[in-house]
Amino acid sequence: MTTLPEKTDRKLGLVIDLDTCVGCHACVVSCKGWNTENYGAPLSDQDPYGADPTGTFLNRVHSYEVQPEEGAAQLIHFPKSCLHCEDAPCVTVCPTGASYKRTEDGIVLVNETDCIGCGLCAWACPYGAREMDAAEGVMKKCTLCVDRIYNDNLPEVDQVPACVRTCPAGARHFGDLGDPDSEVSQLVAERGGMDLMPEQGTKPVNQYLPPRPKDELDRTAAPEDSEIDVLAPYLNPVADSPKGFLGWLDKTLEKL
Amino acid sequence: MTLHQPKINTSPKVSDEVRKTTCYMCACRCGINVHMKDGKVAYIEGNRDHPVNKGVLCAKGSAGIMQHNAPSRLRAPLKRVGPRGSGEFEEISWDEALGLATEWLAPVREKNPEKLAFFTGRDQSQSFTSFWAQNFGTPNYAAHGGFCSVNMAAAGIYTMGGAFWEFGQPDWDYTKLFMIFGVAEDHDSNPIKMGIGKIKERGARVIGVNPIRSGYNAVADDWVGITPGTDGLFILSLIHELLKAGRIDLDYLARFTNAPCLVNMDPDSPEHGLLLRDDDGKTLVIDRKTGKLTPFDQPGVQPDLSASHRKAGITHKPVMHLIAERYLDDQYAPEAVAEKCGIKPAKIRAIAAELARVAFDEAFELDHEWTDFRGETHKTMTGRPVSFHSMRGISAHSNGFQTCRSLHLLQILLGTVEVPGGFRFKPPYPKPVSAHPKPHCGVTPGKPLDGPHLGFVQGPDDLALKDDGSAARIDKAFTWENPMSAHGLMHMVISNAHAGDPYKIDTLFMYMANMSWNSSMNTRGVIDMLTDTDENGDYVIPHIIYSDAYSSEMVAYADLIFPDTTYLERHDCISLLDRPICEADAAADAIRWPVVEPDRDVRGFQSVLCELGARLNLPGFVNEDGSQKYADYGDYITNHERKPGIGPLAGWRMGEDGLTHGRGGPNEAQLDHYIENGGFMVKHIPEDASYYKPWNKAYQDWAVELGLFDSPQHYIFDLYAEPLRRFQLAAEGHGDRQPPDHLRERIKETLDPLPIWYAPFEDTGVDTEEFDVHALTQRPMAMYHSWGTQNAWLRQIHGHNPLYLPTNIWQKHGFAEGDWARVTSAHGEITVPVAHMAALNENTVWTWNAIGKRKGAWALDKDAPEATKGFLLNHLIHELLPPKGDGLRWANSDPVTGQAAWFDLRVKIEKAEAPAEAQPGFDPIKSPVGQGPDHLEWKVGK
């Protein structure tokens, strides 16, 4: 068993906007590229040109269809990586102390030299956010790009996780969720940011911003049986025929 | 246990060096930072300074490292030694390869230059390749626009002097309502994602019109799951509602469009339907101040949208009257179109109301003074914060040209083009259709062609016809079958060459075009055409030369292969003469440069053309003494001048007072300046020139100074497109150049000068009750055709492609997970895996584009899922319509532009026993490069 710190100085994490994530996988591959070249063992690929290509990814995008009671089905793109939980079961389950949560920023990391590849942590994580690297035999997980966010060799503006830097839709935000005044905390407050699977009691640091309500025009487009049509005033007819239209045209041009 | 926190290095060295170039993982042209370690590519990220992507990068771009190092890269020139299609090649030297090509092509040029058909695929060096083809003297050149999205380009240019594509953009800073039609991962890729994120952040709304609710449509606030091929009808219904409510921008229409221009209404006149012009050919309007006829562009003129004019007994009505008469008709009422479009009338009305509300009730003023082309100074710029974007979904239909025109009519009636909050052009657009070249097809053996191949016709006189009326071009572009085919018809080249219709050719020369697989309709048929032999046992298409960087499906069907480099090993220019990387607020161009040298015996295709051009003694490619003029493409980019002072790159030219952006002489250090600046050049547009560009004096002067034009090119938008009317007039019997009788009715019906909607041709050619389902493809965001290889990282995201079925079809046939379906069209049959998707038009099925691969290609294992489960819809689509019994070959293309009508496809779906592999199956082709490694632990740094 490995101990979690009682508290951390900061709670660094991601805020992911499900309203704007278009499901493009940019974050997935940028992460793969950075973390293959950097922290720890490369993220390997097995059978990369073969019948059953598999590889290690620290971040994946899933897509779910949602069928509301009324109206059209919706598609939600859902990027998922380690949520750097405050009560991280993947850490407490680790038999060697390889998995740990950093006291200064709350990032959950794996010390690969101590990892024996037993896989208990992946089993303990309710989010499926850890992946065993088949080539190296160690557990890989999101590091929140710990080798970018403090990296003096990068310009300050680039000291963010690779997935955040690359996200074309601006759907990924990085910051200190322990500071209520931080931009990410403000965003969570404004948009009703949510824990993923709060019932698991893991207290995830990463937050998800829910999609805004969809297909509002279907509701304002008064159904045939309703007497109220809030948009109707914008289409008050000026003419019913081409002749009537030309009459309106003449009158209106006079006023121009 | 206690806390155990190791010390880690949080500040490791990132790379030895960053080399900045331009991505080529799709057509978006983002700037990239290539991090180098030990001389190798270690990591690729977006360039923050770059105008296109401002630092972000998509999945494709980040996976570039796997493309650059792909095992499918060709290694050396190849000469075919077995039969075509066998994949039997021997590696040869470049000297032998170029010698062989010269041996084939020199006699062709001397006797019949048209017997070379030179078509390029998805490259972005068309101003260069067309220059080469023009110097060779063949009329048979085009790029791939004809099967891509020429409807979008041509409809935009013929209507408003510019198109969506990547040639314009919504005003992301001010737009409040953004409506997209038929856009998946299209042009522009990252800018659209960035824009949607940006406008949503400030509460602006997105309406997505697409049968499939994925990607951008998934994040759209409102989704219109339209029935494919009916977008035009939906748009015309929106127009009907807006006209009825008088919610159109009359001031804008009067000033900036041909709505006040006067149409000859006399059916007996040879000028019936043409616009009234003065002796100089200028269109005339009635000035509301004087009530008199006057050229539209005179100082102080206030064009009258309403008044008619009678001259020599002939009534001339303003275009505005014709618009009102046509679109107020009840055939465009929401109730009349709802069923066809699959959209409820109330929703059509709600969208029309929302467009009207935002355009007019949320109008705003920008405090920018500007002066229009009539000399009037306006204190402010009026913003109408509704913007539109559209791509292939509406254009790849046989009614696509008119549908695209309809959308432009809608946005122009709302007054939202080139205004704050609306749609904005990027230089070199706006550009009036009259400023484009016309097509040229004048062949002289041993000499260059008489002008540029592609262009914009104004009427029958500009068609590319021989004296006997037959097609001058192998693809029959610019003929009565598709008179305004501005990008050519790449999808017809092999079919026509094989049929000898209009004539036979000697050499087919192609670049980056996977014609024996996903870049052709009727894949099996095209393979047979490429391998077919005549009565003497000779190939019907005698020589095929192909250039590609990778072991694509097309390689096996060529006789001679020029292996290209990867995008990190080459020079390229993303040129203002071609398809630059401009923004609405700036002109910009860019380069690629060899950030690494090839480790194989390969050469950039454009450099190969420089040498081949010299070997063939092409005038543009040799010096006076006959020696090679351009050592390679980099040399051409630096030193070629299209006209004095104008070259492929506009940055850092030698001006009179030193280095300048715009006009100036060649600068030997130009590429170094680009590299130093991150691979691109940006020149900003002044504030008073930033909107109303077609009519804005300050913009026009700026464009002339930069070298986009030689003189100001003011124009008004052509809501009424006269060139179309000229073809109709010919079809009605006017003029000397007459269409063949079998095309008269179709020309009259489809080349209407005002936007119309007609059912896609396939609907009238097949039994729509039997083939009751529409079938589409969409491009995934993390994969792009197969112009690169099948990428080790990306194929783990998109390794196979089920056919997605909507709920009602899924349930009707009792499909369950893991099932397969037989999908049949009038042309062919495939058997493929299916999956359920609820967020889908109820009569539409779809799959991802070009995931399916042929066994043996791309260095993949023969059991790769791309080959065993992946599939193409191409097998179901023919380049010709089903025979009509008249013995004629009718192209499955738009009748105006010749655009391949991919998305007209209709199918029937049946549940099928799961075959061992997706059908039709193809024999493996022998790989010239072997197969990729069975594991990767990619880390180049120590």
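Worth saying up front: this structure is predicted, and the values here are computed from it rather than measured. (Residues numbered from 1 in each chain as written. Chains lettered and ligands numbered in written order. Predicted model: local features only at pLDDT ≥ 70, side-chain atom pairs only at ≥ 80, totals over all residues.)

**Student:** What am I meant to see in the overall build of chain B here?
**Tutor:** For chain B, the helix and strand inventory stands at 26 helices and 37 strands. Across the 942 residues of chain B, 64% fall into the buried class. Of all intrachain contacts in chain B linking residues separated by at least 6 positions in sequence, the fraction that spans at least 24 positions is 69%. (Helix = DSSP H or I, 4+ residues; strand = E, 2+ residues; numbered from the N terminus. Buried ≥ 20, exposed ≤ 12 C-beta atoms within 10 Å, placed from the backbone. Contact = placed C-beta atoms within 7 Å.)

**Student:** Before we go on, may I ask you to explain the overall build of chain A in this structure?
**Tutor:** Looking only at helices and strands, chain A has 8 helices and 11 strands in total. In terms of C-alpha radius of gyration, chain A reaches 25 Å, well past the compact-globule figure of 18 Å for 256 residues. Along the longest, intermediate and shortest principal axes, the C-alpha atoms of chain A span 85 × 50 × 40 Å. Relative to its 256 residues, chain A shows a buried fraction of 46%. Considering only intrachain contacts with a sequence separation of at least 6, the fraction spanning at least 24 residues in chain A is 59%. (Rg over C-alpha atoms; globule rule 2.2 N^0.38 Å.)

**Student:** Looking at this structure, how should I read the interface of chain A and chain B?
**Tutor:** When the parts of a complex come together, some accessible area is lost, and that lost area is often taken as the interface size. Contacts between the two partners involve 88 residues from chain A, matched on the other side by 96 residues from chain B. Looking at the side of chain A that touches chain B, the elements that each hand over two or more residues are helix H1 (26-37), strand E2 (45-46), strand E3 (54-55), strand E5 (74-81), helix H4 (146-149), helix H5 (162-166), helix H7 (216-220) and helix H8 (242-255) of chain A. For the side of chain A that touches chain B, the element with the most residues is H1(A), which contributes 9 residues. Here the residues of the side of chain A that touches chain B are counted per class, giving 43 nonpolar, 28 polar and 17 charged. With 2 bridges connecting them, E2(A) and strand E37 (residues 935-936) of chain B associate as antiparallel partners. Note on E37(B): the bridge partner recorded for A:Asp45 is B:Leu936. (Nonpolar A, V, L, I, M, F, W, Y, C, P; charged D, E, K, R; others polar. Pairing = 2+ DSSP bridges.)

**Student:** In this structure, what is going on with the pairing of strand E1 (residues 12-17) of chain A? I would like to understand it.
**Tutor:** Remember that side chains alternate between the two faces of the sheet whenever the strand is regular. Residue and element names in this part refer to chain A. For E1, the buried fraction is high: 6 of the 6 residues fall into the buried class. Alternating residues of E1 divide into Leu 12, Leu 14 and Ile 16 and Gly 13, Val 15 and Asp 17, and every residue in both groups is buried. Across 5 bridges, the pairing between E1 and strand E10 (residues 172-176) is antiparallel. Note that in E10 the partner of Leu 12 across the bridge is Asp 176.

**Student:** Is there a simple way to think about the pairing of strand E27 (residues 586-592) of chain B in this case?
**Tutor:** Residue and element names in this part refer to chain B. Taken across its 7 residues, E27 has 6 buried, putting it largely inside the fold. Judged from the 3 bridges that link them, strand E26 (residues 572-574) and E27 form a sheet pairing that is antiparallel. In the sheet register, Ile 574 faces E27, and the bridge partner there is Ala 590.

**Student:** Can you help me understand the environment of B:Pro139 in this one?
**Tutor:** Residues and elements named next belong to chain B. Mapped onto the fold, Pro 139 is located in the loop between helix H4 (126-136) and strand E7 (141-142). Here Pro 139 falls in the buried class, since 26 other C-beta atoms lie within 10 Å of it. A sequence separation of 309 residues divides Pro 139 from Pro 448, and the C-alpha atoms of the two residues are 9.6 Å apart. Not counting chain neighbours up to four residues away, the residues in contact with Pro 139 comprise Glu 114, Cys 441, Val 443, Leu 449, His 453, Ala 464, Ala 472 and Arg 473.

**Student:** Which parts of the structure should I look at to understand the confidence of the model for chain B?
**Tutor:** For residues with low pLDDT, the predicted coordinates do not support detailed interpretation. Averaged over all residues, the pLDDT of chain B is 96; the fraction at 70 or higher stands at 99%. Scoring of the predicted complex yields 0.97 for pTM and 0.97 for ipTM. (pLDDT = per-residue confidence, 0-100.)

**Student:** Please explain the sheet that holds E26(B) as it appears in this structure.
**Tutor:** Two orientations exist for strands paired in a sheet by backbone hydrogen bonds: parallel and antiparallel. Residues and elements named next belong to chain B. Taken together, 3 strands build an open sheet; the order of strands is E26-E27-E30 and the sheet is antiparallel. The sheet terminates laterally at E26 and strand E30 (680-684), the two strands that pair on one side only. Geometrically, the sheet is characterised by an average inter-axis angle of 10 degrees between neighbouring strands, direction not taken into account. Bridging between E27 and E30 involves 5 bridges; their strand directions are antiparallel. Bridging from a neighbouring strand, Ala 586 pairs with His 684 of E30. (Axes fitted to C-alpha atoms, helices over the stretch in contact; angles between N-to-C directions.)

**Student:** Can you walk me through the environment of B:Thr403 in this structure?
**Tutor:** All names here are of chain B. Along the polypeptide, Thr 403 turns up in helix H15 (residues 400-413). Separated by 168 residues in the primary sequence, Thr 403 and Ile 235 have C-alpha atoms spaced 8.0 Å apart. Setting aside residues up to four positions removed in sequence, Thr 403 forms contacts with Asp 231, Gly 232, Ile 394, His 397 and Trp 757.

**Student:** Please explain the sheet that holds strand E23 (residues 507-511) of chain B as it appears in this structure.
**Tutor:** Residues and elements named next belong to chain B. Ordered by their spatial adjacency, 7 strands build an open sheet running E5-E4-E25-E24-E23-E6-E7, and the pairing between neighbours is mixed. Two strands bound the open sheet, and with one partner strand each, they are strand E5 (89-91) and E7. Contacts between helix H3 (residues 94-111) and the sheet are confined to strand E4 (78-80), strand E6 (116-120), E23, strand E24 (543-548) and strand E25 (560-563), with E25 contributing the most and set at about 120 degrees to the helix.

**Student:** How should the packing of H8(A) against helix H11 (residues 319-327) of chain B be read in this particular structure?
**Tutor:** Two packed helices can be described by the angle between their axes and the distance between those axes. One way to put it is that H8(A) packs onto H11(B) with a least axis distance of 8 Å and a crossing angle of 140 degrees. Viewed along their axes, H8(A) and H11(B) adopt a mutual orientation that is oblique. Crossing handedness for the pair H8(A) and H11(B): right-handed. Facing H8(A), whose interface residues are A:Pro242, A:Phe245, A:Leu246 and A:Leu249, H11(B) presents B:Met320, B:His321, B:Ala324 and B:Glu325. (Parallel < 35°, antiparallel > 145°, perpendicular 65-115°, else oblique. Left-handed = near helix turned anticlockwise from the far one by under 90°.)

**Student:** Is there a simple way to explain unusual backbone geometry in this structure?
**Tutor:** Outside of glycine, negative phi angles account for most residues, and trans bonds account for most peptide bonds. Note the cis peptide between B:Pro427 and B:Pro428, where omega equals 10 degrees. Examined against the element boundaries, B:Pro428 turns out to sit in the loop between strand E22 (423-425) and helix H16 (490-499). Between B:Tyr429 and the following residue, B:Pro430, the backbone shows a cis peptide bond with an omega angle of 5 degrees. Inspection of the secondary structure assignment puts B:Pro430 in the loop between E22 and H16. In this structure, A:Met197 takes a positive phi of about 50 degrees despite not being glycine. For A:Met197, the position within the fold is in the loop between helix H6 (183-191) and strand E11 (207-209). Although it is not a glycine, A:Lys203 adopts a positive phi angle of roughly 50 degrees.

**Student:** Just checking my understanding: could you explain the nonpolar core for this structure?
**Tutor:** Nonpolar side chains in soluble globular proteins tend to end up buried together. Counting 378 residues, the largest nonpolar core has B:Ala59, B:Ala117, B:Leu238, B:Ile239, B:Leu355 and B:Ala775 as its most contacted members. Those residues in contact with B:Leu355 that sit more than four places away from it in its chain are B:Leu177, B:Leu238, B:Val386 and B:Leu414. (Core = buried A, V, L, I, M, F, W, Y, C linked by C-beta atoms within 7 Å.)

**Student:** Help me understand the environment of B:Arg75, please; the structure alone is not making it clear to me.
**Tutor:** Residues and elements named next belong to chain B. Here Arg 75 is to be found in the loop between helix H2 (64-68) and E4. Separated by 524 residues in sequence, Arg 75 and Asp 599 place their C-alpha atoms 8.5 Å apart. Discounting chain neighbours no more than four positions away, the residues touching Arg 75 are Pro 563, Arg 600, Asp 601, Val 602 and Val 929.

**Student:** I keep staring at helix H18 (residues 605-615) of chain B and nothing clicks. Help me out?
**Tutor:** Two residues of an α-helix separated by three or four positions point the same way, owing to the 3.6 residues in each turn. All names here are of chain B. Buried residues dominate H18, accounting for 10 of its 11 residues. Residues of H18 that are buried: Phe 605, Gln 606, Ser 607, Val 608, Leu 609, Cys 610, Glu 611, Leu 612, Gly 613 and Ala 614. Contacts made by the buried residues of H18 are with H3, H4, E23, E24, E25 and helix H19 (633-639). Following H18 by one or two positions, Asn 617 adopts a phi angle in the positive range, close to 60 degrees.

**Student:** Help me understand helix H7 (residues 190-201) of chain B in this model?
**Tutor:** Residues and elements named next belong to chain B. An ideal rise of 1.5 Å per residue puts 16 Å on 12 residues; H7 measures up with 17 Å between its terminal C-alpha atoms. Burial analysis of H7 places 10 of its 12 residues in the buried class, which makes it a mostly covered element. Every buried residue of H7 is listed here: Asn 190, Pro 191, Ile 192, Lys 193, Met 194, Gly 195, Ile 196, Gly 197, Ile 199 and Lys 200. Elements in contact with the buried residues of H7: strand E8 (168-170), strand E9 (177-181), strand E10 (205-209) and helix H8 (215-219). (Expected span 1.5 Å × (residues − 1).)

**Student:** What is the right way to look at the packing of helix H22 (residues 722-731) of chain B against helix H23 (residues 741-750) of chain B in this model?
**Tutor:** Residue and element names in this part refer to chain B. Contact geometry for H22 and H23: axes closest at 8 Å, N-to-C directions at 145 degrees. You can see that H22 and H23 cross each other, and the crossing is left-handed. Where H22 approaches H23, its residues Phe 727, Gln 728 and Ala 731 are matched on the opposing element by Arg 744, Ile 747 and Lys 748. For the contact of H22 with H23, the residue count by class is 3 nonpolar, 1 polar and 2 charged.

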